[in-house]
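This is what each chain is made of:
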Amino acid sequence: MPDKRDFLEIPDFSADELYDLLDLAHRMKRGEFRARPLAGKTLAMIFEKSSTRTRVSFEVGTFQLGGHALFLSSRDIQLGRGEPIRDTARVLSRYVDGIMIRTFAHADVVELANFATVPVINGLTDLLHPCQVMADLMTIQESFGTALDGRKVAWIGDGNNMANSWLNAAWRFGFELRLACPPGYEPDRQIFDRARTGATVLLTHDPAEAADGADVVTTDVWASMGQEAEAETRRHAFAGYRVDQDLMARAASDAIFLHCLPAHRGEEVTDEVIEGRASRVFDEAENRLHIQKAILARLMGD
Ligand code: CP
Ligand code: NVA
(Lines give C-alpha, C1' and ligand atoms only; values in the text may rest on other atoms or scores of the structure.)
(Ligands and ions follow the chains in the order given, each with its own letter.)
Protein backbone atom coordinates (compact mmCIF):
# COMPACT_ATOMS: atom_id res chain seq x y z
CA MET A 1 0.00 0.00 0.00
CA PRO A 2 2.58 2.61 -1.16
CA ASP A 3 0.29 5.65 -0.92
CA LYS A 4 -1.03 5.05 2.58
CA ARG A 5 -0.16 7.77 5.07
CA ASP A 6 -0.75 7.44 8.82
CA PHE A 7 -0.85 10.12 11.49
CA LEU A 8 0.62 8.50 14.58
CA GLU A 9 2.77 11.44 15.65
CA ILE A 10 3.27 15.03 14.51
CA PRO A 11 6.67 14.31 12.87
CA ASP A 12 4.96 11.88 10.47
CA PHE A 13 4.51 15.05 8.39
CA SER A 14 7.03 17.67 7.34
CA ALA A 15 6.71 21.23 8.64
CA ASP A 16 5.36 22.33 5.24
CA GLU A 17 2.74 19.58 5.28
CA LEU A 18 1.75 20.48 8.83
CA TYR A 19 1.40 24.16 7.92
CA ASP A 20 -0.78 23.07 4.97
CA LEU A 21 -2.97 21.02 7.32
CA LEU A 22 -3.32 24.01 9.65
CA ASP A 23 -4.16 26.28 6.72
CA LEU A 24 -6.83 23.85 5.51
CA ALA A 25 -8.26 23.64 9.03
CA HIS A 26 -8.54 27.45 9.22
CA ARG A 27 -10.29 27.49 5.84
CA MET A 28 -12.68 24.80 7.02
CA LYS A 29 -13.41 26.81 10.16
CA ARG A 30 -14.17 29.89 8.04
CA GLY A 31 -16.60 27.82 5.94
CA GLU A 32 -14.48 28.12 2.79
CA PHE A 33 -14.22 24.36 2.18
CA ARG A 34 -17.43 22.82 0.92
CA ALA A 35 -16.15 19.65 -0.74
CA ARG A 36 -17.17 16.18 0.47
CA PRO A 37 -13.89 14.23 0.06
CA LEU A 38 -15.13 11.41 2.31
CA ALA A 39 -18.33 10.73 0.35
CA GLY A 40 -19.10 7.01 0.53
CA LYS A 41 -16.21 6.41 2.94
CA THR A 42 -16.18 5.04 6.47
CA LEU A 43 -13.91 5.78 9.44
CA ALA A 44 -13.68 3.13 12.16
CA MET A 45 -13.07 4.69 15.59
CA ILE A 46 -11.68 2.27 18.19
CA PHE A 47 -11.86 3.49 21.77
CA GLU A 48 -10.18 1.63 24.63
CA LYS A 49 -10.46 4.74 26.83
CA SER A 50 -13.19 7.32 27.49
CA SER A 51 -13.62 10.37 25.27
CA THR A 52 -15.89 13.36 24.76
CA ARG A 53 -14.02 15.68 22.37
CA THR A 54 -12.15 13.12 20.28
CA ARG A 55 -15.16 10.92 19.72
CA VAL A 56 -17.60 13.70 18.92
CA SER A 57 -15.24 15.78 16.78
CA PHE A 58 -14.13 12.80 14.67
CA GLU A 59 -17.70 11.58 14.25
CA VAL A 60 -19.11 15.00 13.37
CA GLY A 61 -16.09 15.84 11.22
CA THR A 62 -16.42 12.65 9.17
CA PHE A 63 -20.12 13.36 8.65
CA GLN A 64 -19.42 16.96 7.57
CA LEU A 65 -16.94 15.65 4.96
CA GLY A 66 -19.60 13.35 3.53
CA GLY A 67 -18.49 10.12 5.24
CA HIS A 68 -19.67 7.82 7.97
CA ALA A 69 -17.99 7.11 11.32
CA LEU A 70 -18.33 3.87 13.28
CA PHE A 71 -17.85 4.05 17.06
CA LEU A 72 -16.20 0.80 18.20
CA SER A 73 -15.75 0.51 21.94
CA SER A 74 -13.24 -2.16 22.93
CA ARG A 75 -15.87 -3.32 25.41
CA ASP A 76 -18.00 -4.44 22.48
CA ILE A 77 -15.59 -5.59 19.76
CA GLN A 78 -13.50 -8.77 19.89
CA LEU A 79 -10.31 -6.74 20.45
CA GLY A 80 -11.48 -6.36 24.04
CA ARG A 81 -11.67 -10.18 24.33
CA GLY A 82 -8.13 -10.66 23.09
CA GLU A 83 -8.42 -10.71 19.29
CA PRO A 84 -4.95 -9.64 18.09
CA ILE A 85 -4.44 -6.06 16.92
CA ARG A 86 -2.90 -7.34 13.69
CA ASP A 87 -6.03 -9.36 12.87
CA THR A 88 -8.30 -6.46 13.77
CA ALA A 89 -6.22 -4.22 11.48
CA ARG A 90 -6.51 -6.55 8.51
CA VAL A 91 -10.22 -7.26 9.00
CA LEU A 92 -11.20 -3.60 9.42
CA SER A 93 -9.12 -2.69 6.36
CA ARG A 94 -11.44 -4.90 4.27
CA TYR A 95 -14.47 -2.79 5.33
CA VAL A 96 -13.42 0.78 6.07
CA ASP A 97 -11.29 3.54 4.55
CA GLY A 98 -9.52 4.74 7.70
CA ILE A 99 -9.07 3.83 11.37
CA MET A 100 -8.80 6.16 14.35
CA ILE A 101 -7.71 4.55 17.61
CA ARG A 102 -7.45 5.66 21.23
CA THR A 103 -5.64 3.16 23.40
CA PHE A 104 -2.98 2.64 26.08
CA ALA A 105 0.25 1.28 24.55
CA HIS A 106 1.64 3.31 21.68
CA ALA A 107 3.15 0.11 20.27
CA ASP A 108 -0.40 -1.16 19.65
CA VAL A 109 -1.11 1.81 17.38
CA VAL A 110 2.16 1.24 15.52
CA GLU A 111 1.21 -2.43 15.05
CA LEU A 112 -2.28 -1.46 13.89
CA ALA A 113 -0.77 0.92 11.34
CA ASN A 114 1.73 -1.70 10.17
CA PHE A 115 -0.97 -4.26 9.48
CA ALA A 116 -3.75 -1.99 8.26
CA THR A 117 -3.88 -1.21 4.56
CA VAL A 118 -5.87 1.98 5.26
CA PRO A 119 -4.65 5.16 7.03
CA VAL A 120 -4.46 5.03 10.83
CA ILE A 121 -4.85 8.10 13.06
CA ASN A 122 -3.67 8.25 16.67
CA GLY A 123 -6.51 9.54 18.83
CA LEU A 124 -4.34 9.34 22.01
CA THR A 125 -2.00 6.80 23.51
CA ASP A 126 -0.13 6.82 26.82
CA LEU A 127 2.80 8.28 24.87
CA LEU A 128 1.26 10.84 22.48
CA HIS A 129 -1.83 12.93 21.66
CA PRO A 130 -0.94 14.48 18.29
CA CYS A 131 -4.40 15.60 17.09
CA GLN A 132 -4.84 17.60 20.29
CA VAL A 133 -1.55 19.46 19.92
CA MET A 134 -2.38 20.23 16.27
CA ALA A 135 -5.62 21.84 17.52
CA ASP A 136 -3.57 23.74 20.11
CA LEU A 137 -1.20 25.02 17.41
CA MET A 138 -4.20 26.18 15.39
CA THR A 139 -5.45 28.05 18.48
CA ILE A 140 -2.03 29.68 18.92
CA GLN A 141 -2.14 30.85 15.30
CA GLU A 142 -5.53 32.45 15.94
CA SER A 143 -3.95 34.62 18.64
CA PHE A 144 -0.45 35.22 17.32
CA GLY A 145 -0.47 34.64 13.53
CA THR A 146 0.61 31.83 11.24
CA ALA A 147 4.33 31.55 12.02
CA LEU A 148 4.93 29.28 14.98
CA ASP A 149 8.72 29.39 15.15
CA GLY A 150 8.91 32.60 17.18
CA ARG A 151 6.55 31.45 19.93
CA LYS A 152 7.41 30.55 23.51
CA VAL A 153 5.30 27.79 25.04
CA ALA A 154 5.35 26.84 28.74
CA TRP A 155 4.21 23.37 29.75
CA ILE A 156 3.41 23.04 33.45
CA GLY A 157 2.90 19.61 35.04
CA ASP A 158 3.12 16.00 33.96
CA GLY A 159 5.59 14.87 31.30
CA ASN A 160 2.74 12.91 29.73
CA ASN A 161 1.28 12.24 26.27
CA MET A 162 0.52 15.94 25.81
CA ALA A 163 3.99 17.06 26.91
CA ASN A 164 5.57 14.54 24.52
CA SER A 165 3.44 15.79 21.64
CA TRP A 166 4.42 19.38 22.48
CA LEU A 167 8.05 18.28 22.22
CA ASN A 168 7.35 16.78 18.80
CA ALA A 169 5.66 20.00 17.71
CA ALA A 170 8.57 22.13 18.96
CA TRP A 171 10.96 19.90 17.03
CA ARG A 172 8.99 20.17 13.79
CA PHE A 173 8.13 23.89 14.01
CA GLY A 174 11.20 25.16 15.85
CA PHE A 175 9.48 27.10 18.63
CA GLU A 176 10.75 27.45 22.19
CA LEU A 177 9.28 25.00 24.70
CA ARG A 178 9.89 25.15 28.43
CA LEU A 179 8.60 22.27 30.50
CA ALA A 180 8.23 22.43 34.26
CA CYS A 181 7.69 18.90 35.59
CA PRO A 182 8.05 17.48 39.11
CA PRO A 183 11.07 15.23 39.64
CA GLY A 184 10.23 11.73 38.38
CA TYR A 185 7.50 12.97 36.03
CA GLU A 186 9.64 14.15 33.12
CA PRO A 187 8.69 13.52 29.47
CA ASP A 188 9.93 10.62 27.35
CA ARG A 189 13.73 10.80 27.15
CA GLN A 190 14.07 9.91 23.45
CA ILE A 191 11.40 12.39 22.37
CA PHE A 192 13.01 15.06 24.56
CA ASP A 193 16.49 14.46 23.13
CA ARG A 194 15.18 14.52 19.56
CA ALA A 195 13.31 17.79 20.16
CA ARG A 196 16.49 19.43 21.40
CA THR A 197 18.10 18.88 18.00
CA GLY A 198 15.63 21.28 16.33
CA ALA A 199 14.22 23.59 18.97
CA THR A 200 15.11 25.46 22.14
CA VAL A 201 13.81 23.15 24.83
CA LEU A 202 14.20 23.65 28.56
CA LEU A 203 13.29 21.14 31.26
CA THR A 204 13.02 22.56 34.76
CA HIS A 205 11.34 21.77 38.09
CA ASP A 206 10.38 25.44 38.49
CA PRO A 207 7.01 26.51 36.97
CA ALA A 208 7.95 30.20 37.28
CA GLU A 209 11.07 29.70 35.16
CA ALA A 210 8.99 27.96 32.48
CA ALA A 211 6.23 30.58 32.45
CA ASP A 212 8.55 33.60 32.39
CA GLY A 213 7.66 35.69 29.30
CA ALA A 214 5.76 32.82 27.63
CA ASP A 215 3.15 33.42 24.90
CA VAL A 216 1.32 30.26 25.84
CA VAL A 217 0.90 28.59 29.22
CA THR A 218 -0.56 25.10 29.08
CA THR A 219 -1.11 22.18 31.40
CA ASP A 220 -3.04 18.93 31.76
CA VAL A 221 -4.46 16.67 34.46
CA TRP A 222 -2.09 15.32 37.09
CA ALA A 223 -3.33 11.74 36.61
CA SER A 224 -4.09 10.66 33.06
CA MET A 225 -6.47 7.90 32.00
CA GLY A 226 -5.09 4.61 33.28
CA GLN A 227 -3.26 6.29 36.20
CA GLU A 228 -6.26 6.52 38.53
CA ALA A 229 -4.55 4.37 41.18
CA GLU A 230 -1.69 6.90 41.36
CA ALA A 231 -3.96 9.91 41.79
CA GLU A 232 -3.26 10.47 45.50
CA THR A 233 0.54 10.16 45.14
CA ARG A 234 0.43 12.48 42.16
CA ARG A 235 -1.64 15.09 44.02
CA HIS A 236 1.26 15.47 46.45
CA ALA A 237 3.98 15.41 43.77
CA PHE A 238 2.23 18.06 41.66
CA ALA A 239 1.11 20.38 44.47
CA GLY A 240 3.42 23.20 43.33
CA TYR A 241 2.47 22.85 39.66
CA ARG A 242 -0.92 24.57 39.57
CA VAL A 243 -1.52 27.25 36.93
CA ASP A 244 -2.92 30.20 38.87
CA GLN A 245 -3.07 33.95 38.30
CA ASP A 246 0.36 34.48 39.88
CA LEU A 247 1.92 32.08 37.39
CA MET A 248 0.01 33.64 34.47
CA ALA A 249 1.31 37.06 35.59
CA ARG A 250 4.84 35.86 34.84
CA ALA A 251 3.90 35.14 31.21
CA ALA A 252 3.70 37.80 28.47
CA SER A 253 0.93 40.36 28.95
CA ASP A 254 -1.00 38.92 25.97
CA ALA A 255 -0.32 35.28 26.88
CA ILE A 256 -3.02 32.69 26.37
CA PHE A 257 -3.90 29.67 28.51
CA LEU A 258 -4.57 26.29 26.90
CA HIS A 259 -5.77 22.97 28.35
CA CYS A 260 -6.81 19.95 26.29
CA LEU A 261 -9.66 19.19 28.73
CA PRO A 262 -11.13 17.59 30.73
CA ALA A 263 -9.75 19.88 33.48
CA HIS A 264 -9.71 19.47 37.23
CA ARG A 265 -10.28 22.95 38.62
CA GLY A 266 -8.37 23.46 41.84
CA GLU A 267 -5.76 20.86 40.86
CA GLU A 268 -3.69 21.68 37.76
CA VAL A 269 -5.53 24.98 37.10
CA THR A 270 -7.55 27.43 39.14
CA ASP A 271 -11.11 28.29 38.22
CA GLU A 272 -9.99 31.92 37.83
CA VAL A 273 -7.48 31.05 35.09
CA ILE A 274 -9.60 28.60 33.10
CA GLU A 275 -12.55 31.00 33.18
CA GLY A 276 -10.32 34.09 32.82
CA ARG A 277 -9.57 36.40 29.89
CA ALA A 278 -6.42 34.52 28.80
CA SER A 279 -8.21 31.20 28.51
CA ARG A 280 -8.83 29.84 25.01
CA VAL A 281 -9.84 26.34 26.08
CA PHE A 282 -13.18 26.25 24.27
CA ASP A 283 -11.73 27.58 21.01
CA GLU A 284 -9.09 24.89 21.46
CA ALA A 285 -11.77 22.22 21.91
CA GLU A 286 -13.64 23.48 18.83
CA ASN A 287 -10.44 23.41 16.81
CA ARG A 288 -10.23 19.63 17.30
CA LEU A 289 -13.09 19.42 14.80
CA HIS A 290 -11.42 21.59 12.16
CA ILE A 291 -7.91 20.16 12.36
CA GLN A 292 -9.18 16.58 12.37
CA LYS A 293 -11.31 17.29 9.31
CA ALA A 294 -8.14 18.55 7.61
CA ILE A 295 -6.28 15.38 8.64
CA LEU A 296 -9.16 13.14 7.49
CA ALA A 297 -9.38 14.95 4.14
CA ARG A 298 -5.62 14.65 3.65
CA LEU A 299 -5.35 10.95 4.59
CA MET A 300 -8.66 9.55 3.39
CA GLY A 301 -10.00 12.09 0.91
CA ASP A 302 -10.34 11.74 -2.84
N1 CP B 1 -8.87 16.46 24.89
C2 CP B 1 -9.40 15.26 24.61
O3 CP B 1 -8.81 14.45 23.90
O4 CP B 1 -10.61 15.06 25.16
P5 CP B 1 -11.43 13.70 25.20
O6 CP B 1 -10.72 12.78 26.15
O7 CP B 1 -12.78 14.11 25.71
O8 CP B 1 -11.49 13.11 23.82
N1 NVA C 1 -3.24 13.29 29.49
C2 NVA C 1 -4.67 13.07 29.44
C3 NVA C 1 -5.24 13.70 28.23
C4 NVA C 1 -6.74 13.55 28.10
C5 NVA C 1 -7.29 14.14 26.83
C6 NVA C 1 -4.93 11.58 29.46
O7 NVA C 1 -4.21 10.84 28.79
O8 NVA C 1 -5.87 11.15 30.14
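Calculation criteria
- Residues numbered from 1 in each chain as written.
- Chains lettered and ligands numbered in written order.
- Predicted model: local features only at pLDDT ≥ 70, side-chain atom pairs only at ≥ 80, totals over all residues.
- Heavy atoms only, no water.
- Near = heavy atom within 4 Å.
- Polar contact = N/O pair within 3.5 Å; in protein donor to acceptor, adjacent residues only side chain to side chain.
- Areas by Shrake-Rupley, 256 points an atom, 1.4 Å probe, with all protein chains shown as cover.
- Nonpolar A, V, L, I, M, F, W, Y, C, P; charged D, E, K, R; others polar.
- Helix = DSSP H or I, 4+ residues; strand = E, 2+ residues; numbered from the N terminus.
- Buried < 20%, exposed > 50% of the residue type's maximum accessible area, 1.4 Å probe, protein only.
- 1 Å grid on protein atoms, 1.4 Å probe; cavity = no way out; pocket = protein on both sides within 12 Å on 5 of 7 lines; lining within 4 Å.
- Sits in = over half its atoms within 2 Å of the grid points.
- Phe/Tyr/Trp six-rings, centres within 6.5 Å; stacked < 30°, edge-to-face > 60°.
- Core = buried A, V, L, I, M, F, W, Y, C linked by side-chain atoms within 4.5 Å.
- Contact = heavy atoms within 4.5 Å.
- Axes fitted to C-alpha atoms, helices over the stretch in contact; angles between N-to-C directions.
- Parallel < 35°, antiparallel > 145°, perpendicular 65-115°, else oblique.
- Left-handed = near helix turned anticlockwise from the far one by under 90°.

(A) Just the site of ligand 1, in detail. For ligand 1, the full set of nearby residues is Ser51, Thr52, Arg53, Thr54, Arg102, His129, Gln132, Cys260, Leu261 and Arg288. Within the contact set of ligand 1, an oxygen atom lies 2.8 Å away from a side-chain nitrogen or oxygen of His129. Contact between ligand 1 and Leu261: a nitrogen atom at 2.9 Å from a main-chain N or O atom of the residue. Out of a free accessible area of 260 Å², ligand 1 has 95% covered by protein chains. Across the shell around ligand 1, the residue classes tally to 2 nonpolar, 5 polar and 3 charged.

(B) Highlighting the environment of Thr117. Topologically, Thr117 is positioned in the loop between helix H4 (106-115) and strand E4 (120-122). Residue classification places Thr117 among the partly exposed residues on the basis of a relative accessible area of 38%. The sequence separation of Thr117 and Ser93 amounts to 24 residues, and the corresponding C-alpha distance is 5.7 Å.

(C) Up close: the site of ligand 2. What surrounds ligand 2 is the set Leu124, His129, Asn160, Asn161, Asp220, Ser224, Met225, Cys260 and Leu261. A distance of 2.8 Å separates an oxygen atom of ligand 2 from a polar side-chain atom of Asn161. Between Ser224 and ligand 2, the recorded distance is 2.7 Å, taken from a side-chain N or O atom to a nitrogen atom. Its free accessible area being 270 Å², ligand 2 has 94% of it covered by the protein chains. Judged by the proximity of its atoms to the pocket grid, ligand 2 belongs to the largest pocket. Looking at the shell around ligand 2 residue by residue, the class counts come to 4 nonpolar, 4 polar and 1 charged.

(D) The packing of aromatic side chains, seen in detail. A full pass over the atoms with the stated rule returns 7 aromatic pairs. With centroids separated by 5.9 Å and ring planes inclined at 25 degrees, the aromatic side chains of Trp222 and Phe238 adopt a geometry described as stacked. In this pair, Trp222 is assigned in the loop between strand E8 (216-219) and helix H9 (231-237) and Phe238 in the loop between H9 and helix H10 (245-250), connecting sequence segments 16 residues apart. By the burial criterion, Trp222 is buried, and Phe238 matches it.

(E) View of the nonpolar core. Phe7, Leu137, Ile140, Trp166 and Phe175 are the most contacted members of the largest nonpolar core, which has 57 residues in total. The leading source of residues in this core is helix H5 (residues 130-144), at 8 residues. Excluding its chain neighbours within four sequence positions, the residues that come into contact with Leu137 are Leu22, Leu148, Trp166, Ala169, Phe173 and Phe175.

(F) How the structure looks around the side chain of Asn122. Within the secondary structure, Asn122 sits in strand E4. Polar side-chain contacts of Asn122 include one of 3.0 Å to the backbone oxygen of Leu8. Polar side-chain contacts of Asn122 include one of 2.8 Å to the backbone nitrogen of Leu124. Excluding residues within four positions of it along the chain, Asn122 makes contact with Phe7, Leu8, Ile101, His106, Val109, Leu128, Pro130 and Cys131.

(G) Representation of the packing of helix H1 (residues 15-29) against helix H12 (residues 281-300) within the structure. With their axes 8 Å apart at the nearest point, H1 and H12 run at an angle of 120 degrees to one another. In terms of their interaxial angle, H1 and H12 are classed as oblique. Note that H1 runs across H12; the crossing there is right-handed. Across the interface between the two elements, Glu17, Leu21, Leu22, Leu24, Ala25, Met28 and Lys29 from H1 touch Glu286, Asn287, His290, Ile291, Lys293, Ala294, Ile295, Ala297 and Arg298 from H12. Across the contact of H1 with H12, the residue classes tally to 9 nonpolar, 2 polar and 5 charged.

It is worth stressing that arrangement in space is one thing and function is another; only the former is reported here.
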